[in-house]
Amino acid sequence: MSLNEIKTRILKAEETAKRPAGSTQLIAVSKVQPNERVHAVLQQGHRLFGENKVQESEGKWPDFKQEFPDAKVHLIGPLQTNKVKNAVALFDAIHAVDRPKLANKLASEIQTQGKAPDMFIQVNTGEEPQKAGILPADADAFIKECIAMELPIIGLMVIPPVNEESSLHFTLLRKIAERNGLTGLSMGMSGDFERAVALGATHVRVGSAIFGERDYG
Ligand SMILES: *Cc1c(COP(=O)(O)O)cnc(C)c1O
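Everything numeric in this text was worked out from a predicted model, so none of it was measured.

Would you mind going over helix α2 (residues 35-43) with me for this structure?
An α-helix turns once per 3.6 residues; consequently, residues spaced three or four apart project the same way. Buried within α2 are the following residues: Val38, Val41 and Leu42. With its buried residues spanning 105° around the axis, α2 presents them on a single face. Residues of α2 that are exposed and angled more than 90 degrees away from the buried face: Glu36 and Gln43. In the core, the buried residues of α2 are packed alongside α1 (3-16), β2 (48-51), α4 (61-67) and α10 (208-211). In the stretch just after α2, Gly45 is the one whose phi turns positive, near 105°.

In this structure, what is going on with the pattern of salt bridges? I would like to understand it.
Pairing between side chains of opposite charge can happen when their charged atoms approach one another. Counted under the stated rule, the structure contains ten salt bridges. The partner of Arg99 in a salt bridge is Asp98, with the nearest N and O atoms 2.8 Å apart. Residue classification places Arg99 among the partly exposed positions, given a relative accessible area of 29%. For Asp98, a relative accessible area of 10% puts it in the buried group. A salt bridge links Glu165 to Arg195, with the shortest nitrogen-to-oxygen separation between them at 3.2 Å. Note that Glu165 is positioned in the loop between β6 (153-157) and α8 (166-179) and Arg195 in helix α9 (residues 193-198), a separation of 30 residues in sequence. Relative accessible area serves as the criterion here: at 40%, Glu165 is assigned to the partly exposed category. Looking at Arg195, the relative accessible area reads 35%, which means it is partly exposed. Within this structure, Glu51, Glu56 and Lys60 form a network of salt bridges that share partners.

Help me out: how do you make sense of the site of the ligand in this one?
In the vicinity of the ligand, the residues found are Val29, Lys31, Ile76, Met157, Ile159, Met189, Ser190, Arg205, Val206, Gly207, Ser208 and Arg214. Between the ligand and Lys31 there is a distance of 2.6 Å, counted from an oxygen atom to a side-chain nitrogen or oxygen. At a separation of 2.8 Å, an oxygen atom of the ligand approaches a polar backbone atom of Gly207. The protein chains hide 89% of the 390 Å² of surface that the ligand would expose on its own. Partitioned by chemical class, the residues of the shell around the ligand number six nonpolar, three polar and three charged.

Just to check I follow, could you spell out the pairing of strand β5 (residues 118-122) for this structure?
Put simply, side chains in a regular strand alternate between the two faces of the sheet. The element β5 is largely enclosed, with a buried count of four among its five residues. Direction of pairing for strand β4 (residues 93-97) relative to β5: parallel, over a ladder of three bridges. Directly across from Ala93, in β5, lies its bridge partner Asp118. Considered for its hand, the β-α-β crossover made up of β4, helix α6 (residues 100-113) and β5 is right-handed. Pairing geometry for β5 and β6, over four bridges, is parallel. Counted as the bridge partner of Ile121 is Leu156 from β6. Once the chain exits β5 it traverses helix α7 (residues 136-148) before rejoining the sheet at β6, and the crossover so formed is right-handed.

Hey, could you run me through the packing of aromatic side chains in this one?
Each aromatic ring pair is described using two quantities: the centre-to-centre distance and the angle formed by the ring planes. Within this structure, the stated rule accounts for two aromatic pairs. When the ring of Phe49 is compared with that of Trp61, the centres are 5.0 Å apart and the planes differ by 45°; the resulting orientation is tilted. Placement of the pair is Phe49 in strand β2 and Trp61 in helix α4, with a sequence separation of twelve residues. For Phe49, a relative accessible area of 0% puts it in the buried group. Look at Trp61 and you get buried, because its relative accessible area is 0%.

Would you take a moment to explain the environment of Ser30 for this structure?
Mapped onto the elements of the fold, Ser30 is located in the loop between β1 (25-29) and α2. With a relative accessible area of 0%, Ser30 lands in the buried category. Along the sequence, Ser30 and Phe49 sit 19 residues apart, while their C-alpha atoms lie 6.4 Å from each other. Residues contacting Ser30, with those up to four places away along its chain left out, are Val38, Phe49, Gly50, Glu51, Lys60, Trp61 and Phe211.

Calculation rules
Residues numbered from 1 in each chain as written. Predicted model: local features only at pLDDT ≥ 70, side-chain atom pairs only at ≥ 80, totals over all residues. Heavy atoms only, no water. Buried < 20%, exposed > 50% of the residue type's maximum accessible area, 1.4 Å probe, protein only. Helix = DSSP H or I, 4+ residues; strand = E, 2+ residues; numbered from the N terminus. Arc of directions from axis to C-beta. Contact = heavy atoms within 4.5 Å. Salt bridge = Lys/Arg side-chain N within 4 Å of Asp/Glu carboxyl O. Near = heavy atom within 4 Å. Polar contact = N/O pair within 3.5 Å; in protein donor to acceptor, adjacent residues only side chain to side chain. Areas by Shrake-Rupley, 256 points an atom, 1.4 Å probe, with all protein chains shown as cover. Nonpolar A, V, L, I, M, F, W, Y, C, P; charged D, E, K, R; others polar. Pairing = 2+ DSSP bridges. Right-handed = clockwise from strand over helix to strand, strands pointing away. Phe/Tyr/Trp six-rings, centres within 6.5 Å; stacked < 30°, edge-to-face > 60°.

So, in structure tokens, the structure goes:
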């Protein structure tokens, strides 16, 4: 597949859902991909990317941003508190705010740097022990806590369990967002982004369908 094909499919899904064209942002997930492939997608004019590791991103994004100053990169993977400083410095948005300790650290780092990336709160809708994210039962309180500390929370993010129908998780995420007055929904990946658009995603995170399979070897 290609970038243009994915964009066309998003537009179609928006049209089917009677949503305005362009109301879904496409985050091209460039983690692990060779720099040439990422550069090619930048040269095609795409400007919004996603990475899941702070260190890996520091190795490539300062250079890409120098060449393409309007490029934006979002951290979509889990964030450890000892990487908060670097994450606030580098990223335009952080998608995995999921615990009070991290929220506190982010709030103080924003003060220090005078720079505040947009933030999403990750919800572990599948209640999987190995997965990041606040549990649904704790989400309302945590969202209020983050807003009270003036974190720029723009929405919620989910990674559904691999073997479950993702629509159920997208719907639950949307309900939690709506009752908390949040409009951003970061949901949907290569296998289910059209379903996510149908259910109101504002940001889809698509990697392999744009760049090809990731080669971890
Ligand atoms: C890698 C990753 C993606 C993209 O996955 P694909 O299946 O390649 O589209 C999306 N979201 C997160 C959080 C990821 O880590």
